[in-house]
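Results of the structural survey
The lines below spell out each chain.
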2 protein chains.
Amino acid sequence: MGQLVMKQIAVVGLGLMGCSIIVSFLRAGYDVVGVAPIPDEAATGKLRIREQLHLCQEMGLLHQDIEYYESRLLISDDYADLKYSQLVVECVIEVFDIKKHVYNRIEEVVEKTAIIATNTSAIPISQLQKFLQHPERFMGIHWAEPAFATRFLEITCGESTDLALAEGISQEAEKWEKEPTLLYKDIRGFITNRLMYAVYRQGFELINEEYVSMSGLDKCFQYDIGSWITLMGIFRRMDYIGLDHYRKSYAHIFPKLSNSPSVPQQMKHIAAIQGRGIHNLKGLYPHTDESAKKLEHRLVSFNKEIYSLAERYRNKLKNINL
Amino acid sequence: MGQLVMKQIAVVGLGLMGCSIIVSFLRAGYDVVGVAPIPDEAATGKLRIREQLHLCQEMGLLHQDIEYYESRLLISDDYADLKYSQLVVECVIEVFDIKKHVYNRIEEVVEKTAIIATNTSAIPISQLQKFLQHPERFMGIHWAEPAFATRFLEITCGESTDLALAEGISQEAEKWEKEPTLLYKDIRGFITNRLMYAVYRQGFELINEEYVSMSGLDKCFQYDIGSWITLMGIFRRMDYIGLDHYRKSYAHIFPKLSNSPSVPQQMKHIAAIQGRGIHNLKGLYPHTDESAKKLEHRLVSFNKEIYSLAERYRNKLKNINL
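The present account deals with the structure reproduced in this document. Since this is a predicted model, take the numbers as computed values, not measurements.

**Comments concerning the overall build of chain A**
- Counting its regular elements, chain A contains 12 helices and eight strands.
- Computed over the C-alpha atoms, the radius of gyration of chain A is 21 Å, within 12% of the 20 Å expected from 2.2 N^0.38 for a compact globule of 322 residues.
- Considering only C-alpha atoms, chain A reaches an extent of 60 × 45 × 40 Å along its principal axes.
- A total of 322 residues make up chain A; the buried ones form 50% of that total.
- Looking at chain A alone, contacts between residues at least 24 apart form 65% of all its contacts between residues at least 6 apart.

As structure tokens, then:
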């Protein structure tokens, strides 16, 4: 297939993530339609998008004034307004029947060539795909929060997805200033979550076998991996370190890594106390209202800085064609 | 035991890592003795230390001029100069018999209360410890490169290490501007390497089962984990996200993670071609002389920036007592 031609993109669902994805598309220069399936969402969404555009402005991410971007956004509660969108991204809650209903409504109005995507991180793409009349045009597009100021993007093919369309979206995503990763097959947790679950499994084993405390483990992962990950990926780093060291240690260490299928005791305890971390002040670490708020606040500010740092090195590495 | 009182620290072995550890101690305000067991090392080490001090100066890490720090450093080929050091860090090559010889020479001259440590990442602390007359004063202290501008530090007890001494070094290490992690028991790969091996195992499985390409996997780990790891550790991040999501997915995903004990085909291939990554231009990725040099160069510059970024947020988080 040829290059996709995209002028108008739509998002259905104006929650936190939906709004942040809309802002990402506005920044990238598209006309955007935001459909609010829940009555109050149109009003709250509009305010939230304005706030996020202000944040983008502070971060130096906008080429035009805020009014310009707002003029290119239509917020609506009418699915009919999706008619001319070349891509529709569904961002509603993770409930099977609601998503099914939303896909039906979308397919009633869009063109046959329109691509439909979901931001789900919980439900397999191949399952959701079955609700579509034209499942080959359906795929997962998984953002990190805030979508307008992170580069991470996982584009996932379900069983029936047309790979060429997913490749097209992957190319298009470079215009969104993303560094997209294409998943040829659907897998629970996609890539980064799955890799991190391998870390959690190994990490809990080291803690529970009393090699190290939780905060000790956290600290060394933070400062070791943090010192290079934003510059290069994990396999490129192996090339940087030199591979002979790894060759020997793979054979020694792989057989000794954790293979446990069980939920660690700490997570069982969290389940028993219904812990939701900083959101109800019951977590793996102690938190107070104040420390929770400050952590959220710091992340907003940290995110600005790491985004801009990554940008400078992203360009440099691209130039040297690594 | 009481607080350690340290004025003079020594490093044996003036290779790249040894020099960089010396600079870390100089910066922290100690008198430092560098013993060069190999004839040429004294001269090359001296030059390298000067270069690294200049780099520290550029990074704004020095409170005095370079001559001041050099005046507090004695480089020698005589083990007798270790006599008054309260801590001696061994940084010689990873060869059993050489290390044994070095420990014997050190123990001949130092005081009974002196602590002896190794920077090994390859040989178990408990094994090396057996070479010591006073094994209880021996431990691992594992730095990241460059030691003077990274915060990562793993302090590892062998079977016979006096825990109180390791705790003392851990406290002292805060003066070195480190974020030390104490390992109560020795384990191959220590903490971060072991966690990363869990990532490598899972990552190669995802690649070899054709979910994703190597560069695709690298990209999403880089940009997802990179966007938060320098601000918070992995378990603190779970508290930030909210734990209810994790509770469910642990039970689903753990049993499906890779348990493979085998070396992945890619690493077998690397062994067959004797690949050493950017060091002989045979790696997991293609490299040229030019791209290899540029990557090394970029890392020096990236390291300055991430160190200073981490510093700003480190203090902020310490203030809120998380």
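**Some points on the relation of the copies chain A and chain B**
- Taken as rigid bodies, chain A and chain B are interconverted by a rotation of 180 degrees and an axial shift of 0.0 Å, the fit giving an RMSD of 0.1 Å. A rotation of that kind, with that shift, is consistent with a two-fold axis.
- Taken as a fraction of all interface residues of chain A, those also at the interface in chain B reach 100%, which identifies the copy contact as same-surface.

**Some thoughts on the packing of helix H10 (residues 244-253) of chain A against helix H11 (residues 265-272) of chain B**
- Running from N to C, H10(A) and H11(B) point in directions that differ by 135 degrees, and their axes come no closer than 10 Å. With respect to their mutual orientation, H10(A) and H11(B) come out oblique. Two packed elements cross with a definite hand, and for H10(A) against H11(B) that hand is left-handed. For the pair formed by H10(A) and H11(B), the contact residues are Tyr246(A), Arg247(A) and Tyr250(A) on the first element and Met267(B), Ile270(B) and Ala271(B) on the second.
- A per-class count over the contact of H10(A) with H11(B) returns five nonpolar, no polar and one charged.

**Comments concerning the sheet that holds strand E6 (residues 138-143) of chain B**
- The sheet built from eight strands is open, its strands ordered E3-E2-E1-E4-E5-E6-E7-E8 (chain B) with mixed pairing. One side of each edge strand has no neighbouring strand; the edge strands of this open sheet are strand E3 (73-76) and strand E8 (179-183) of chain B. Neighbour-to-neighbour, the strand axes of this sheet turn through a mean angle of 25 degrees, independent of strand direction.
- Pairing of strand E1 (residues 8-12) of chain B with strand E2 (residues 31-35) of chain B, which is carried by five bridges, proceeds in the parallel orientation. Bridge assignment links Gln8(B) to a residue of E2(B), and that residue is Asp31(B).
- The strands touched by helix H8 (residues 214-225) of chain A within the sheet are strand E7 (152-157) and E8 of chain B, with E8(B) carrying the most contacts at an inclination of about 130 degrees.

**Describing the interface of chain A and chain B**
- Between chain A and chain B, the residue contacts involve 100 residues of the former and 100 residues of the latter.
- Secondary-structure elements contributing two or more residues to the side of chain A that touches chain B are strand E7 (152-157), strand E8 (179-183), helix H7 (192-208), H8, helix H9 (234-241), H10, helix H11 (265-272) and helix H12 (289-319) of chain A.
- Considering every element that reaches the side of chain A that touches chain B, the biggest residue donor is H12(A), with 14 residues.

**With respect to the packing of helix H1 (residues 16-27) of chain A against helix H2 (residues 41-58) of chain A**
Residues and elements named next belong to chain A.
- Across the interface, H1 lies against H2 with an axial gap of 9 Å and an inter-helix angle of 50 degrees. It follows that H1 is oblique to H2 by the angle criterion. Between H1 and H2 lies a crossing of right-handed hand. Along the contact surface, H1 presents Cys19, Ser20, Ile22, Val23 and Arg27, while H2 presents Gly45, Arg48, Ile49, Gln52, Leu53 and Cys56.

**Regarding the pairing of E6(B)**
Residue and element names in this part refer to chain B.
- Most of E6 sits inside the fold, with six of its six residues counted as buried.
- Alignment of strand E5 (residues 115-118) against E6, held across three bridges, turns out to be parallel. Residue pairing across strands places Ala117 opposite Met139, the latter belonging to E6.
- With five bridges connecting them, E6 and E7 associate as antiparallel partners.

**Digging into the environment of Trp176(A)**
Residues and elements named next belong to chain A.
- By the element assignment, Trp176 lies in the loop between helix H6 (163-172) and E8.
- Between the alpha carbons of Trp176 and Met232 there is a distance of 21 Å; along the sequence they are 56 residues apart.
- The residues contacting Trp176, other than those within four sequence positions of it, are Ser24, Phe25 and Ala28.

**Some words on helix H8 (residues 214-225) of chain B**
- Its 12 residues place the ends of H8(B) 16 Å apart at the C-alpha level, agreeing with the 16 Å of an ideal helix rising 1.5 Å per residue.
- Regarding H8(B), the residues found buried are Gly216(B), Leu217(B), Asp218(B), Lys219(B), Cys220(B), Phe221(B), Gln222(B), Tyr223(B), Asp224(B) and Ile225(B).
- Residues of H8(B) that are buried make contact with E7, E8, H7, H8 and H9 of chain A together with helix H7 (192-208) of chain B.

**Concerning the sheet that holds strand E5 (residues 115-118) of chain A**
Residue and element names in this part refer to chain A.
- An order of E3-E2-E1-E4-E5-E6-E7-E8 is seen for the eight strands of this open sheet, with the pairing classed as mixed. At either end of the open sheet lies a strand with only one pairing partner, and these are strand E3 (73-76) and E8. Between one strand axis and the next, the sheet turns through 25 degrees on average, direction left out of account.
- Taken together, the four bridges between strand E2 (residues 31-35) and E3 define a ladder with parallel strand orientation.

So, how was this worked out
Residues numbered from 1 in each chain as written. Chains lettered and ligands numbered in written order. Predicted model: local features only at pLDDT ≥ 70, side-chain atom pairs only at ≥ 80, totals over all residues. Helix = DSSP H or I, 4+ residues; strand = E, 2+ residues; numbered from the N terminus. Rg over C-alpha atoms; globule rule 2.2 N^0.38 Å. Buried ≥ 20, exposed ≤ 12 C-beta atoms within 10 Å, placed from the backbone. Contact = placed C-beta atoms within 7 Å. Least-squares fit on C-alpha atoms with pLDDT ≥ 70 in both. Axes fitted to C-alpha atoms, helices over the stretch in contact; angles between N-to-C directions. Parallel < 35°, antiparallel > 145°, perpendicular 65-115°, else oblique. Left-handed = near helix turned anticlockwise from the far one by under 90°. Nonpolar A, V, L, I, M, F, W, Y, C, P; charged D, E, K, R; others polar. Pairing = 2+ DSSP bridges. Expected span 1.5 Å × (residues − 1).

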